[in-house]
Amino acid sequence: MERCDLVITGGGPAGLAAAVSAWEAGVRDIVVLERDQELGGILNQCIHSGFGLHTFQEELTGPEYAGRYVEKVRRLGIPCLLDTMVLELSPEKVVTAMSRERGLFQIQAGAVILAMGCRERARGALRIPGFRPAGIYSAGTAQRLVNMEGFLPGREVVVLGSGDIGLIMARRMTLEGAKVHVVAELLPYSGGLKRNIVQCLDDFGIPLKLSHTVIDIQGRERVEGVTLAEVDANLRPIPGTEEHYRCDTLLLSCGLIPENELSRAAGVALHPTTAGPLVDESLETNLPGVFACGNVLHVHDLVDFVSEEAAAAGRSAARFLSGGGARGHRTIPLRAGKGVRYTVPAAVDPVRMDEEIVVRFRVAGVYQDVSVVASCGGEPLVRKKRMIVSPGEMEEVRLKRADLLAQPDAEEITVALEMKA
Amino acid sequence: MYDILIIGAGVSGTAIARELARYEASICVVERCEDVCCGTSKANSAIVHAGFDARTGSLMARLNVEGSRMIPQLARELDFPYRNNGSLVLCMSEEDLPALHSLYERGRNNGVTGLRLLSREEILALEPNVREDVTAGMEAATGGIVCPFGMNVAFAENAAENGVEFRFGAAVTGFQRTADGWRVLTDNGPLEARIVVNAAGVYAGELHNMVSERKLRVIPRRGEYYLLDHAAGGFVGHTIFQLPGQNGKGVLVTPTVHGNLLVGPNACGVDTLESVNTTAAGLEEVRQKAENIVRNLPLGQVITSFAGLRAHEEGHEFIIGEAEDAPGFIDCAGIESPGLSSAPAIGKMVAEMVRDKLLLSQRKGFKATRKGILNPAALSFEERQKLVARDSAYGHVVCRCEGITEGEILDAIRRPLGARSLDGVKRRVRAGMGRCQGGFCTPRVMEILASELGIPMEEVTKCGGRSRMLAGVNKDGYAEGDGHGAV
């Protein structure tokens, strides 16, 4: 069997940034396995701009952002196998993969970085009743068809879900000559970034209907129309609020799900809220030497933060491979407190952690004038004020190693929101 | 002029065609859709019923028991997925115990073997996710699960290989008597045959009533289902039924041969023969009924829902035989549950009927076996390595959720009666049937279909007809002078 120090499953933004940072930290035997025919992952279909403001201090398109990392990986000479699907990962870190060129093969990895990204929640999982005709697309599938392949999936469009891809696609479909009638959002707030609502809907006069959902799909062969209804506080459709839209296409942008079938089969423990692996401060899963980063870990809003997280995973893998960074004597669990849905990481080891780590999380609702507080045994470690927080925008708080070392008896760190009295 | 024209390429029609292919005769199957298995045969419980349910002495009971006995061997001969997982009927209250016992008796009277009454404890030991307030139950060891698409496609391919002709995209619109038999009018030209077999599923009543004064009433009754991800496939091992009550069989919870979990169906009267839409109320009813028999049903793992129509005949009996006032017109109507389980026996029965009527002789060279689409996932590592080395298309995974390779998709398209649409591919090899429901593989499968069929991408359909996947190319709506200006 082939051996390789570091196998990275996925050549999207997470996998590429992890590869570069692992190299920079001294790992020389790396392979990136990518299932698509090119590197860059989903960024290749994100031809709009807005990427890279944090990482490169300039505004890039998705392919440009990916290109920067692809270029780095090429320059470093890190091998990337394209059109290569990972079929299985064993707890002993044997990776089984397959491609046209190399056939079916196995690699014994010293360390593995999981970077498989996420998938879109499909109509079936949303349980939207009605017929099952052609013309129902997840927004990302439509984005690929339009942006990479030049095809228009439909001309009269309704979008369900105001996730970023849905907002971006409402604009894209309009620019390509389709009529986007409405974007409906089940929740009373959008799941997308504020800037996308302004630039993709408001600027094009596309209405956003909050607290609305699709309750029926008509058309036996091709979509002929959908029925929207307003929903109550329990998200139940309110009788009498039905509105019919004639359309040939329904785009769905109703959430992303980290794609962890490979991880689960390997025995990686998953977080019930994020559906991504449970990781510690080194982004290491319960399987020693198996790390996770990017959207397979938890769904991000901005690729810049994916790159940052992936770089940390790359460094952790390098440290693992060099025999350093054994887990310390204790890890302190991180608890999602009031108003916080989850934290990544879910635990920290104060001995082996970097001087400072970023804890990312999402809040449970839209709140104004709050403080984000990380506390330990009732003592606040960090407190920061936020004018407004919403579930659509990932939040972060930074923990310092020194602070944690000063709490030798800490049993738990809580990240919570303090509402204004 | 054919000897025999079979209307409908569902599981009944193709089972009949495959059995008739044993004889010297010219046979054609005419189907209104673009593919086999497009009606009731594609949307049902995928169950091989043991045969305890139908009324003793009925044709339904006889054909069910006979069909379910034939399926295991057919699955080997024709290479379609079948598993003998056994079924359990649950009795949820003391008051229903007499009904359970009479079901047991009925099953024995129907000739079902392997029936066993179980105590509450025995049931919970077998199936820990059954509700703890279960009272008693019955196990049917011969119960099984089958891939309904796989069985239907297998019958059709084997029939085609033995010389049966198939015409798709031709809906029957009327009949004329001729000196030798029938002239069958379709929306794609007329066809003539000495014998017509009406296996038109929910349309069988309508067609029968065009030729006969002894009217049949086939009433569509919709059943809605949830299909759950592989992650939930082990939720139950057996097919779990609730003791049949006033409204049919209630809902069942069952693994599928592909490792998913299937929950449903309800039973709801509908207005049209095309009402295969799901409804919020129907799906909610399925959930509630399922929770009457199992606990902690992982509905968070639902990957899709669908609805199918039962071709319910008002007497709840299979209507198989020559119409009294229409010689040479053989009905195969009212084929609702247990129609799938009975299909092989229906095929045999109708074929023998036609054989005797036309005095057909055995055809030499009938090939009784058929090789299905190769499933690389079932091979050993070394075998699979060799396969990919021999044909690199088996090294390219197209549908990541189900792990389906380009090689399998090409096979599905290239074989006789191959797939012509995304749904056709999906039914044959499951590409797009997984948890992402085609989110990633749809554009890739479209490309393969376009290339194999020699058509532009814009003409690729989901399921034939007007179900085109694409409206056009970017900006093609910006015609000159439409006010948008040049882009």
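Asks: Whenever I open this one, the overall build of chain B confuses me. Can you help?
Replies: Within chain B, the secondary structure is distributed over 12 helices and 23 strands. For 487 residues, the compact-globule formula gives about 23 Å, and the C-alpha radius of gyration of chain B, at 23 Å, lands near that figure. Its C-alpha atoms give chain B principal-axis dimensions of roughly 75 × 60 × 55 Å. Residue burial in chain B is summarised as follows: out of 487 residues, 60% are buried. Residue pairs at least 24 apart in sequence account for 71% of intrachain contacts in chain B once pairs closer than 6 positions are excluded. Total accessible area on chain B is roughly 18,500 Å²; 47% of this is exposed by carbon and sulfur atoms.

Asks: Where do I start with the packing of helix H10 (residues 406–414) of chain B against helix H12 (residues 442–453) of chain B in this structure?
Replies: Between two packed helices, the angle of one axis relative to the other and the distance separating the axes together describe the packing. All names here are of chain B. At a minimum axis distance of 11 Å, the contact between H10 and H12 shows a crossing angle of 45°. With respect to each other, H10 and H12 are oriented oblique. Once H10 is placed against H12, the crossing between them reads as right-handed. Of the residues in H12, those touching H10 at Glu 406, Ile 409, Leu 410, Ile 413 and Arg 414 are Val 445, Ile 448, Leu 449, Glu 452 and Leu 453. For the contact of H10 with H12, the per-class residue count stands at seven nonpolar, no polar and three charged.

Asks: Help me out: how do you make sense of the pairing of strand E1 (residues 2–9) of chain A in this one?
Replies: The side chains of a regular strand alternate between the sheet's two faces. All names here are of chain A. The pairing of E1 with strand E8 (residues 103–114) spans seven bridges and is parallel. Bridge assignment links Glu 2 to a residue of E8, and that residue is Ile 107. Crossover handedness for the path E1 to helix H1 (residues 13–24) to strand E2 (residues 30–33): right-handed.

Asks: Explain the domain arrangement of chain B here, please?
Replies: Size of an interface: often given as the accessible area lost when the parts come together. Residues and elements named next belong to chain B. You can read the domains of chain B as domain 1 (83–144 + 219–310) and domain 2 (377–459). One C-alpha centre belongs to domain 1, the other to domain 2; they are set 32 Å apart. Both faces combined, the contact of domain 1 with domain 2 buries some 520 Å², and carbon together with sulfur accounts for 49% of it. Contact with domain 2 buries surface across domain 1, with His 230, His 258 and Ile 303 losing the most and accounting together for 69% of the total.

Asks: What should I look at first to understand the interface of chain A and chain B in this one?
Replies: At the interface, 49 residues of chain A touch 54 residues of chain B. For the pair chain A and chain B, the two sides together bury roughly 4,500 Å², of which 54% comes from carbon and sulfur. At the boundary of chain A and chain B, one finds nine salt bridges. Where A:Arg220 meets B:Glu274, a salt bridge forms, and the shortest distance between an N and an O atom there is 3.0 Å. Viewed at the interface, chain B and chain A are joined by 26 residue pairs in polar contact (both at pLDDT 80 or more). Its residues assigned to classes, the side of chain A that touches chain B comprises 21 nonpolar, 12 polar and 16 charged. As defined by bridge partners, strand E11 (residues 151–152) of chain A adjoins strand E23 (residues 472–473) of chain B across two bridges and the pair is classed as antiparallel. Each bridged residue has a counterpart across the sheet, and for A:Leu152 the counterpart in E23(B) is B:Gly472.

Asks: Looking at this structure, I do not really get the packing of aromatic side chains. What am I missing?
Replies: Given two aromatic rings, one states the distance between the centres and the angle between the planes to describe the pair. Under the defined criterion, the tally for this structure stands at 11 aromatic pairs over all chains. Judged by centre distance (6.1 Å) and plane angle (75°), the ring pair of A:Phe291 and A:Phe320 falls under edge-to-face. Pair noted here: A:Phe291 is in strand E20 (residues 290–292) and A:Phe320 is in helix H8 (residues 303–321), with a separation of 29 residues, a long-range link. Look at A:Phe291 and you get buried, because its relative accessible area is 1%. Residue classification places A:Phe320 among the partly exposed residues on the basis of a relative accessible area of 27%. Where B:Phe175 meets B:Phe329, the ring centres are 5.2 Å apart and the plane angle is 85°; that geometry is what we call edge-to-face.

Asks: I would appreciate a short explanation of unusual backbone geometry in the present structure.
Replies: The general pattern is negative phi for most residues beyond glycine and trans for most peptide bonds. Residue A:Pro345 is reached from A:Val344 by a cis peptide bond, and omega for that bond is 5°. Summarising the element assignment, A:Pro345 is placed in the loop between strand E22 (340–344) and strand E23 (347–348). Here the residue pair B:Gly264 and B:Pro265 is connected by a cis peptide bond, since its omega of -10° sits within 30 degrees of zero. For B:Pro265, the location among the structural elements is in the loop between strand E16 (261–264) and strand E17 (268–269). Even without being a glycine, A:Ser211 presents a positive backbone phi close to 55°. Residue classification places A:Ser211 among the buried positions, given a relative accessible area of 17%.

Asks: Got a minute to help me understand empty space enclosed by the protein in this structure?
Replies: With a probe scaled to a water molecule rolled over the atoms, the places where space remains empty come into view. All names here are of chain B. Using the criterion set out here, one finds three cavities of 30 Å³ or more in the structure. A volume near 520 Å³ is recorded for the largest cavity. Here the lining of the largest cavity takes four residues from helix H11 (residues 422–429), the largest share from any one element. Grouping the constituent residues of the lining of the largest cavity by class yields 13 nonpolar, 10 polar and five charged.

Cut-offs applied
- Residues numbered from 1 in each chain as written.
- Chains lettered and ligands numbered in written order.
- Predicted model: local features only at pLDDT ≥ 70, side-chain atom pairs only at ≥ 80, totals over all residues.
- Heavy atoms only, no water.
- Helix = DSSP H or I, 4+ residues; strand = E, 2+ residues; numbered from the N terminus.
- Rg over C-alpha atoms; globule rule 2.2 N^0.38 Å.
- Buried < 20%, exposed > 50% of the residue type's maximum accessible area, 1.4 Å probe, protein only.
- Contact = heavy atoms within 4.5 Å.
- Areas by Shrake-Rupley, 256 points an atom, 1.4 Å probe, with all protein chains shown as cover.
- Axes fitted to C-alpha atoms, helices over the stretch in contact; angles between N-to-C directions.
- Parallel < 35°, antiparallel > 145°, perpendicular 65-115°, else oblique.
- Left-handed = near helix turned anticlockwise from the far one by under 90°.
- Nonpolar A, V, L, I, M, F, W, Y, C, P; charged D, E, K, R; others polar.
- Pairing = 2+ DSSP bridges.
- Right-handed = clockwise from strand over helix to strand, strands pointing away.
- Domains from an automatic or database assignment.
- Buried area = accessible area lost by both parts, 1.4 Å probe.
- Salt bridge = Lys/Arg side-chain N within 4 Å of Asp/Glu carboxyl O.
- Polar contact = N/O pair within 3.5 Å; in protein donor to acceptor, adjacent residues only side chain to side chain.
- Phe/Tyr/Trp six-rings, centres within 6.5 Å; stacked < 30°, edge-to-face > 60°.
- 1 Å grid on protein atoms, 1.4 Å probe; cavity = no way out; pocket = protein on both sides within 12 Å on 5 of 7 lines; lining within 4 Å.
- Points joined across faces, edges and corners; volume = space filled by probe spheres on them.

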